[in-house]
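Architecture at a glance
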Amino acid sequence: MTSRRDFIKISAMGAGVLAMSSGTYGAIKLISSPENASKLRVDLKRTPTYCEVCFWKCAGWVYKTSEGKIWKIIGNDEDQHSNGRFCPRGTGGVGMYYDEDRLKTPLIRVKERGKQVFREASWDEAFEYIAAKMKDISSKYGPESMALFTHGSGSAYYTNLTKAYGSSNIAEPSYAQCRGPRDEAFMATFGEEVYSPEITDIRDTKCLVLIGSHIGENMHNGQIQEMSDAIDKGVTIITVDPRFSTAAGKSKFWLPIKPSTDIALLLAWINEIIFNDYYDKKYVEKYCSGFDKLKEHVKDFTPEWAYGITTIKPDLIRKTAKEMADASPSVIVHPGRHVTWYGDDTQRVRAVAILNALLGSWGRRGGFYRPAKFAVPSAKIPKYPEPKKTWTDAFPGKYPIASSPVSNALIAASIPENKPGILIKGWIVNGTNLISSIPNRPDTIKAIQNLDLIVAIDTMPMEITGWADVVLPECTYLERYDALRISPYRKPAIALRMPAAEAKNSTRSGYNIARGLAVNLGLEAYVPFEKQEELLDWQLKQIGSSLEEMQRVGVKTSEREADDLYFAENEDVVFSTDSGKIELFSKAFEDAGFDPLPKYVAHEEPAEGFYRLIYGRAPMHTFGRTLNNPNLTDLMKENSVWVNPKVSKEWGLKAGQYIWLKNQDGVVSDFPIKVRITERIRWDSIYMVHGFGHGQKQLERCFGKGASDTQLITKVLIDPIMGGTGMRGNFVTFVTEKTEKEVAS
Ligand SMILES: Nc1nc2c(c(=O)[nH]1)N[C@H]1C(S)=C(S)[C@@H](COP(=O)(O)OP(=O)(O)OC[C@H]3O[C@@H](n4cnc5c(=O)[nH]c(N)nc54)[C@H](O)[C@@H]3O)O[C@H]1N2
Ligand SMILES: Nc1nc2c(c(=O)[nH]1)N[C@H]1C(S)=C(S)[C@@H](COP(=O)(O)OP(=O)(O)OC[C@H]3O[C@@H](n4cnc5c(=O)[nH]c(N)nc54)[C@H](O)[C@@H]3O)O[C@H]1N2
Ligand code: SF4
Ligand SMILES: [Mo]
């Protein structure tokens, strides 16, 4: 049995960063006590923050040296997201501040788009330029022709600004490229989403089923820690993954499924659980609707049927179904997070939700808990103007279940030849590198070429800033205040981020940028506080705290109002679905013209000599955003392509050899990638870590290192239910030498 510490060590693997502070993961926690810190003769002055290196938002302390230089970041012991410990990426976050390749000053483009010729500009000039263009777009096409793409903690400011301007076309890649299908599937089933951090009660679970969720490489701190605790307590882990992931290495059962066939496995599990009477009868009778229809629907989906599709032996399907049933209700069939895989993703996650319902895990200890959140008032602002059109008018009738704007639909609506019902003419892009995050890159570039204005707000010179008309440099999270972190968790809590150092160069905080734009657009009333600290103090005073208190404590946690983390015995629960029940059969889907119960539909197979391209995370990086970070680069400089030995033999590939990948549409990776020969990947697929292969020369440390999965994802399997971009329907083959034509292109 692997101990908790081993698991964390394995999944962290970022020993380099840890060594920077003290050597081992556990030791970092020690330093958070003042006595130890004083032994190290450092200035005890510390400022609170929450991490921006990924979206788990761990709260921590930033320490400075006696010379006042930012020294290190450690977790805040009071914080539920981190429990006082940061992951290697979070610890290495200091590198974002020190990265000398950072954006330094506002830039205005002087040559044609994409050529990347800019001149430096003052903030006033940049604001005036943007405001003039936005006013022009508004008068020519209407304010609805502006779109905002945004991710990260600055989103609230630009969302407010965009709505005040008159547009509701606001999309985050964390919806249609990430969690969207899961949110809609759980909404349709339980009337509630699973939030971020996920409400999975992993620490108390007896059985954790991971379908593609590669926790351990996917480093969401609290989740990893809870999984380690569960491992110590003897949890059974069942991992379904075509690749032997870190999590698979900790599992009692590894099901190396044929990619794209998960729905068949899920249906067979549902069949086993129903027809062996394994399901939680009392729970299903009391809380669920549509059971008889579900039973009828799955009657032929036996483990033998699924074997022919998934390549998972019937016996293994039966055994794992029994394991789940034995642990019920303390079992979690993990909903996943990045779930936009094959275009039938909402249906796949619906099957996951149904399975959880049958096992009675929703609302139960070791299953899914009820989250609690602080209610914090927002600033009083005028009513937003009502937009005449929204993103749904671009392609009427498409993606009827989408509850958030779909980024790829807004991109498609920026291309006139798609004849959208509303043509998008301007983009504000904040904290998202669309060129690397949205599949089918040529479409994104085509859309950009049709715009009247594109503004990029970023900390680094990324691919997207290269395409912008105006680049606005934000300071890093270590140099700014931000909105309070108010997240749902077991206990309600808030966390403060404040500057640990002055903003470098001419960079500014997101709040200041948004306010500057608002003033120039005549929308100042929507950002009534000149300084963010005034707003924070006002907000905090409304809830009985203050900015001064939060600067001292960093995190404030309160007790829950009621003891209702889990459903009480026989509690009458009204779910927020149409029927008030957990809907095994979704009437809402049926009414919208979709299958009310999930079905398996076969997907395209790779042609001879091609392999399915699958991708995931590496523990020491977050997408492409950390690759140039001086503290993190060295931990993993480039990605490699995982190739099964059978395949490498057939192709004569050697371990460590550099090759190029070419996809089904003839796209060849810009940069070569190293071959890693391993039994840990099925023979029908290849695997690589997302985020590498940066083409921006200004990123000195990571330019041209490794290959980009996004570049090779030109075929997109769109989920008709909510618009998610399935990215795993692409196939690649190996190129050992580039032809002249390929080099030129
Ligand atoms: N091919 C492929 N595509 C994917 C994925 C995949 O695995 N493979 N994953 C998908 C998923 S799950 C997600 S959530 C999305 C994520 O997509 P994105 O949110 O676009 O993620 P990043 O690539 O990290 O881009 C973040 C950008 O924000 C900038 N940034 C960092 N900190 C700050 C800051 O403080 N302020 C500002 N203004 N900018 C900052 C970074 O420099 C970077 O340019 O990508 C999706 N797209
Ligand atoms: N270190 C680190 N951690 C992160 C992030 C990061 O950038 N870096 N990003 C965060 C974000 S925004 C997200 S959304 C999450 C994403 O994390 P997850 O939700 O865990 O990611 P996925 O991309 O869905 O899963 C990748 C896994 O799916 C497997 N897989 C591929 N195809 C199939 C298939 O057909 N069936 C099955 N069963 N498995 C398949 C791959 O082999 C790989 O192990 O990670 C988060 N955590
Ligand atoms: S999981 Fe790591 S990178 Fe993400 S917020 Fe927490 S410390 Fe930062
Ligand atoms: Mo994501």
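This is a predicted model, so every value here is computed, not measured. (Residues numbered from 1 in each chain as written. Chains lettered and ligands numbered in written order. Predicted model: local features only at pLDDT ≥ 70, side-chain atom pairs only at ≥ 80, totals over all residues. Heavy atoms only, no water.)

1. Description of the site of ligand 2
What surrounds ligand 2 is a group of 31 residues, the closest being Asp241, Asp262, His338, Tyr342 and His621. Methionine 219 is positioned such that a nitrogen or oxygen atom in its backbone is 2.8 Å from a nitrogen atom of ligand 2. One of the backbone nitrogen or oxygen atoms of alanine 618 is found 2.9 Å away from a nitrogen atom of ligand 2. Protein burial of ligand 2: of its 930 Å² of free accessible surface, 99% is covered by the chains. When grouped by side-chain class, the residues that make up the shell around ligand 2 number 14 nonpolar, nine polar and eight charged. (Near = heavy atom within 4 Å. Polar contact = N/O pair within 3.5 Å; in protein donor to acceptor, adjacent residues only side chain to side chain. Areas by Shrake-Rupley, 256 points an atom, 1.4 Å probe, with all protein chains shown as cover. Nonpolar A, V, L, I, M, F, W, Y, C, P; charged D, E, K, R; others polar.)

2. Quick notes on the site of ligand 3
Every residue lining ligand 3 is accounted for by Cys51, Val53, Cys54, Trp56, Lys57, Cys58, Phe86, Cys87, Arg89, Gly90, Met219 and Asn221. Most atoms of ligand 3, that is more than half of them, are within 2 Å of grid points of the largest cavity. For the shell around ligand 3, the class distribution of residues is eight nonpolar, two polar and two charged. (1 Å grid on protein atoms, 1.4 Å probe; cavity = no way out; pocket = protein on both sides within 12 Å on 5 of 7 lines; lining within 4 Å. Sits in = over half its atoms within 2 Å of the grid points.)

3. Examining helix α21 (residues 510-520)
Within α21, eight of the 11 residues are buried, which leaves it mostly tucked inside the rest of the structure. Turning to α21, its buried residues number three or more, namely Gly510, Tyr511, Ile513, Ala514, Arg515, Gly516, Leu517 and Ala518. Tucked into the core, α21 has its buried residues touching α7 (123-141), α8 (155-165), β14 (453-458), β15 (470-473) and α22 (532-542). Immediately beyond the C-terminal end of α21, within one or two residues, lies glycine 522, with a positive phi of roughly 70°. (Buried < 20%, exposed > 50% of the residue type's maximum accessible area, 1.4 Å probe, protein only. Helix = DSSP H or I, 4+ residues; strand = E, 2+ residues; numbered from the N terminus. Contact = heavy atoms within 4.5 Å.)

4. Some thoughts on the domain arrangement of the protein chain
Segmentation of the protein chain into domains returns domain 1 (107-175 + 390-492 + 507-528), domain 2 (185-370 + 579-591) and domain 3 (611-744). If you average the C-alpha positions of domain 2 and of domain 3, the two centres end up 29 Å apart. Tallying the contact residues gives 27 residues for domain 2 and 26 residues for domain 3. Across the interface of domain 2 and domain 3, roughly 1900 Å² is buried in total on both sides, 56% from carbon and sulfur atoms. On the surface where domain 2 and domain 3 come into contact, there are 10 residue pairs in polar contact (both at pLDDT 80 or more). Of the residues forming the side of domain 2 that touches domain 3, the biggest block, three residues, is contributed by helix α16 (residues 345-358). (Domains from an automatic or database assignment. Buried area = accessible area lost by both parts, 1.4 Å probe.)

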